[in-house]
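# Remarks on the overall topology
The chain contents come next:
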Amino acid sequence: MSHHKSEKLKLTCRCPQCANYREMLEESIQDEICDAGFYAQIANEAPTDELRELITSIVGDEYGHARLQASLLGICPPPISCPPNCPPATGNFEADVRAAIRGELEAIRRYAELAGCAPNPEIRYLLTSILGDEYAHTRIWNAMLLAPSLCNGC
């Protein structure tokens, strides 16, 4: 039996919450694209060049997550532009960073669910590696909020 690169991921349902696994992955791709767009807007609000660079690196990670999941599904990833219905940044850096933290925590939950439903250990590994990235992003966003207390409002 030959396999083609374009062959779509075959998913078997092992439990009721996993029945719509492909759709869950497709929604996750859109969430990552939304996050990338939102974080790019936060980067424009950043009070320092160093924070802007950190946030820009997170934007790249988020788009990489979308590309990885699109690869699993055998589809082209959506463009990096923000899809419809994505919340825009407010212009308030601290409020937007707090929203980013909430988003990262939701992504951790989503990837835990996706990994639990993964049809094989290799896909589970890929999804848990993304989950680890989301934990790291949460730590970075939190550090941005804590930085002024370390340097007396610098």
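Residues numbered from 1 in each chain as written. Predicted model: local features only at pLDDT ≥ 70, side-chain atom pairs only at ≥ 80, totals over all residues. Heavy atoms only, no water.

### Describing the overall build of the protein chain
- Within the protein chain, the regular secondary structure consists of 4 helices and 0 strands.
- Reading the secondary structure of the protein chain in the N-to-C direction produces α-α-α-α.
- Buried residues in the protein chain amount to 38% of all 154 residues.
- Relative to all contacts within the protein chain whose residues are 6 or more apart in sequence, the contacts with residues 24 or more apart total 77%.
- About 8,700 Å² of surface is accessible on the protein chain, with carbon and sulfur atoms providing 58% of the total. (Helix = DSSP H or I, 4+ residues; strand = E, 2+ residues; numbered from the N terminus. Buried < 20%, exposed > 50% of the residue type's maximum accessible area, 1.4 Å probe, protein only. Contact = heavy atoms within 4.5 Å. Areas by Shrake-Rupley, 256 points an atom, 1.4 Å probe, with all protein chains shown as cover.)

### What about the state of the cysteines?
- In this structure the tally under the stated criterion is 1 disulfide.
- The residue that forms a disulfide with Cys34 is Cys86, at a sulfur-sulfur distance of 1.8 Å. Taking the torsion about the sulfur-sulfur bond, which here is approximately -65°, the covalent link between Cys34 and Cys86 counts as left-handed. One end of the pair, Cys34, is in helix α1 (residues 21-45); the other, Cys86, is in the loop between α2 (49-73) and α3 (93-117), with 52 residues separating them in the sequence. Like Cys86, Cys34 is buried. (Disulfide = S-S within 2.5 Å.)

### Details of the environment of Gly103
- With respect to the secondary-structure elements, Gly103 resides in helix α3.
- Separated by 35 residues in the primary sequence, Gly103 and Thr138 have C-alpha atoms spaced 9.0 Å apart.

### A short note on the side chain of Glu62
- Inspection of the secondary structure assignment puts Glu62 in helix α2.
- It is Arg110 that comes nearest to the buried, bridge-free Glu62 among opposite-charge side chains, at 6.0 Å.
- Among residues more than four places away in sequence, those in contact with Glu62 are Glu32, Asp35, Ala36, Tyr39, Glu104, Glu134 and His137. (Lys, Arg positive; Asp, Glu negative; His and termini not counted. Salt bridge = Lys/Arg side-chain N within 4 Å of Asp/Glu carboxyl O.)

### Things to note about α2
- When the terminal C-alpha atoms of α2 are compared, their 37 Å separation across 25 residues agrees well with the 36 Å that a helix rising 1.5 Å per residue should span.
- Phi turns positive, to about 70°, at Gly74, one or two residues after α2. (Expected span 1.5 Å × (residues − 1).)

### So, the nonpolar core
- If you look at the biggest cluster of nonpolar residues, it comprises 22 residues, and the most contacted ones within it are Tyr21, Leu25, Tyr111, Leu114, Ile123 and Leu127.
- Contributing elements (two or more residues each) for this core: α1, α2, α3 and α4 (121-150).
- Here the element with the most residues in this core is α3; it accounts for 6 residues.
- Membership of the second largest hydrophobic core comes to 16 residues, among which are Val59, Phe93, Ile101 and Trp141. (Core = buried A, V, L, I, M, F, W, Y, C linked by side-chain atoms within 4.5 Å.)

### Structural notes on the pattern of salt bridges
- Going through the model one piece at a time under the given rule, you end up with 7 salt bridges.
- Across the pair Asp49 and Arg52 runs a salt bridge, and its minimum N-O distance is 2.6 Å. Linking Asp49 with Arg52, this pair stays in helix α2, spanning 3 residues, or about one helical turn.
- Between Glu106 and Arg109 there is a salt bridge whose closest N-O contact spans 2.5 Å. Of this pair, Glu106 and Arg109 both sit in helix α3, 3 residues apart, which is roughly one turn of that helix.
- What makes Glu106 partly exposed here is its relative accessible area of 37%.
- Arg109 gets classed as partly exposed once you look at its relative accessible area, which sits at 40%.
- Several salt bridges share partner residues, and in doing so they unite Asp31, Glu32 and Arg110 into one network.

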